[in-house]
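Residues per chain are reported as follows:
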Amino acid sequence: MNEHAMLHMPESKYCFPVGEQEVVIRFRMAKEDEGAKVTLIYAGKYEFHERRQSVPMEIKYTDRLYHYYEIRLKLSDVRLAYIFQIEDINQIYYFSEDGLTESYRFEEGFYNFFQLSYINANDVMPVVDWMKQATFYQIFVDRFYMGNRAKDTSYINMKWEDQPTPKSFAGGDLRGIIEKLDYLKELGITAIYLTPIFQSLSNHKYDTIDYMTIDPQFGTKEDFAELVREAHARGIRIVLDAVFNHCSMQMRQFMDVLERGRDSRFYDWFVIHGDFPDTDACNYECFAACNYMPKLNTANDEVQDFLIQIALYWIREFDIDGWRLDVSDEISHVFWRKFRQAVKKEKADAVIIGENWHDAYPYLQGDQYDSIMNYAFTKACLDYFARGTFDAAQMAEKLNSNLMRNTEQVNHMMLNLLDSHDTHRFFTEVKKDKDKLLAAVALTMVFPGAPCVYYGTEICMEGGYDPDSRRGFCWDEDKWDKDVHAKIKELIHLRQNPIFAESDVKIYEKEQMLVVRRKYDKESLTLYVNMTAQEKHLTDMRNANVSMLSQNHAQMDACDANDEKVLVIEKMGYAIIKETAPA
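Residues numbered from 1 in each chain as written. Predicted model: local features only at pLDDT ≥ 70, side-chain atom pairs only at ≥ 80, totals over all residues. Heavy atoms only, no water.

(A) The overall build of the protein chain, seen in detail. A tally of helices and strands in the protein chain yields 13 helices and 26 strands. For 583 residues, the compact-globule estimate of 2.2 N^0.38 gives 25 Å, and the C-alpha radius of gyration of the protein chain, at 26 Å, lies within 12% of that figure. Principal axes of the C-alpha set define a box for the protein chain whose edges measure 80 × 65 × 40 Å. Looking at the protein chain residue by residue over its 583 residues, the buried ones come to 59%. At a minimum sequence separation of 6, the contacts of the protein chain that also span at least 24 residues come to 68%. Accessible surface, the protein chain as shown: approximately 24400 Å² in total, 46% of it carbon and sulfur. Looking at the protein chain, you have 68 positive and 94 negative side-chain charges, and the mean spots of the two groups are 2 Å apart. (Helix = DSSP H or I, 4+ residues; strand = E, 2+ residues; numbered from the N terminus. Rg over C-alpha atoms; globule rule 2.2 N^0.38 Å. Buried < 20%, exposed > 50% of the residue type's maximum accessible area, 1.4 Å probe, protein only. Contact = heavy atoms within 4.5 Å. Areas by Shrake-Rupley, 256 points an atom, 1.4 Å probe, with all protein chains shown as cover. Lys, Arg positive; Asp, Glu negative; His and termini not counted. Charge placed at Lys NZ, Arg CZ, Asp CG, Glu CD.)

As structure tokens, then:
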């Protein structure tokens, strides 16, 4: 056996409580050792030497190199001690803190068993329940819809249908979003993520001048209060963008430092290399290489208090439902811990979503974010649907590997996206192939976490990299592909099936198709994606207990000779099947 591949870590993504008396335990082994039988041996840590229980573990996830065994335990004694027994070719091994051994002295287990010493209630990471079935819609405000026709429009310098430039303004605003809430409700959207709305000089508003003021181009606080109120009335939540890594060089505090230098009381709010900030030499930390967006020193206590009070204000005064955190991986861990405590105390089910493009496990252990924007999912979808880099087996392995980065709770709350204001449009990336777009949307809806639809995906909006990915939404319905729109709407509405709130997941390849199965109790929903050039036939569909929920280039044929339905999926097609086990 490959001992080097074996891995377990207590109180980590390999052992974590999901309730006050419930724990999930994972154990990693090499794929070539899949014939091994793994058993968890466990007990209360004060009884391990004399009274133990054994339970077999099953392979739950598989990636390119490893199998991940998983078990969920309900405990009467939450002071848990455990080791793993591995049986391979009539040989018994044990895996404990001492690694792999051929024998184990249970009477001395207190020296080297793994343990979860105690499950304290406030150490169990809660899931924001509404995230389990949420479907987000990301809106780049300036490009969605202009509702206030009476406002000062002198700042608008592009026609709505023009390709945008970095400095073009189209006129979208909060009133426009209010007017389109019924459209979003009908589409099936349950949460809106707004790019920044606070006072700023840019069209994107990621260079904030005043965090307490709605940008006049977008409207007023009264407009925003109405937006939240009307959205909530339709069952739609509102999540704002918190740009706390950096600000505009025109923010009052930085302007004071520009004038007074080291004598400014705000000098330590920024990271400046010298007595005065020099905007030409850019002798201060900033976002990327943008001298007009100086970096805030989030290790500074005053800065921390300032930003936390901003976050609390918009929750208290307007009842927003959470924050998306811009450039969150460049901000102090200490700050995010304080931020989480304050936000969750104010509104327990306010979601906190970081913008980390990479493995964010250090931030996702229950003390900082709830989840992140899942760009690892984005990249996998590009490799499978757009690039053809992955076949179905490789895609399944990659998706499983991504899930193994985090705990179950975090996976329930990940924001899964195909594209955003920071990427190329997915429809453009798949070379305007509508079948691939639909299959990718289907995967996004079925995969664990909360799907996020970038505005206009449902009408096949095109666009290259920023700023081309930020075009104006086309509201001329005669130009829409109504069939694609209807199918995406159908897929979004599937999210309201209660199975997404509680279900288990299994991801694998079958007959060169990607399969994602969500199962709870006796019911399952299964997605089959056929990205091959051949038609696929599945004959193991049980008669009377199987129904088609959504499809593109797929159909359920009449029963075969064995009294079973046959699922036929054409090339570039998908099918979502509901199965109910016999009573």
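Structure shown, so let's carry the discussion forward.
(B) Molecular detail of the sheet that holds strand 5 (residues 58-62). Strand order in the open sheet formed by four strands is 1-2-6-5, with antiparallel pairing between adjacent strands. Bordering the open sheet on either side are strand 1 (15-19) and strand 5, each of which pairs with just one other strand. Pairwise comparison of adjacent strand axes, ignoring direction, gives a mean angle of 35° for this sheet. Against the sheet, helix 8 (residues 392-403) touches strand 2 (22-30) and strand 5, its axis set at about 105° to strand 5. (Pairing = 2+ DSSP bridges. Axes fitted to C-alpha atoms, helices over the stretch in contact; angles between N-to-C directions.)

(C) Highlighting the state of the cysteines. By the definition in use, this model includes zero disulfides. Here C460 stays unpaired: no disulfide links it, and the sulfur of C474, its closest cysteine neighbor, is 11 Å away. (Disulfide = S-S within 2.5 Å.)

(D) Highlighting the pairing of strand 6 (residues 66-74). Relative to strand 6, strand 2 is paired through nine bridges, and the arrangement is antiparallel. Among the inter-strand pairings, R26 is bridged to a residue of strand 6, identified as E70. By the bridge criterion, four bridges tie strand 5 to strand 6 in an arrangement that is antiparallel. Its bridge partner being in strand 6, Y61 is matched across the sheet by Y68.

(E) Broad picture of the environment of N90. By the element assignment, N90 lies in the loop between strand 7 (80-88) and strand 8 (91-96). Distance from N90 to A36, taken between C-alpha atoms, is 9.7 Å for residues 54 residues apart in sequence.

These values are about where atoms sit, not about what they do.
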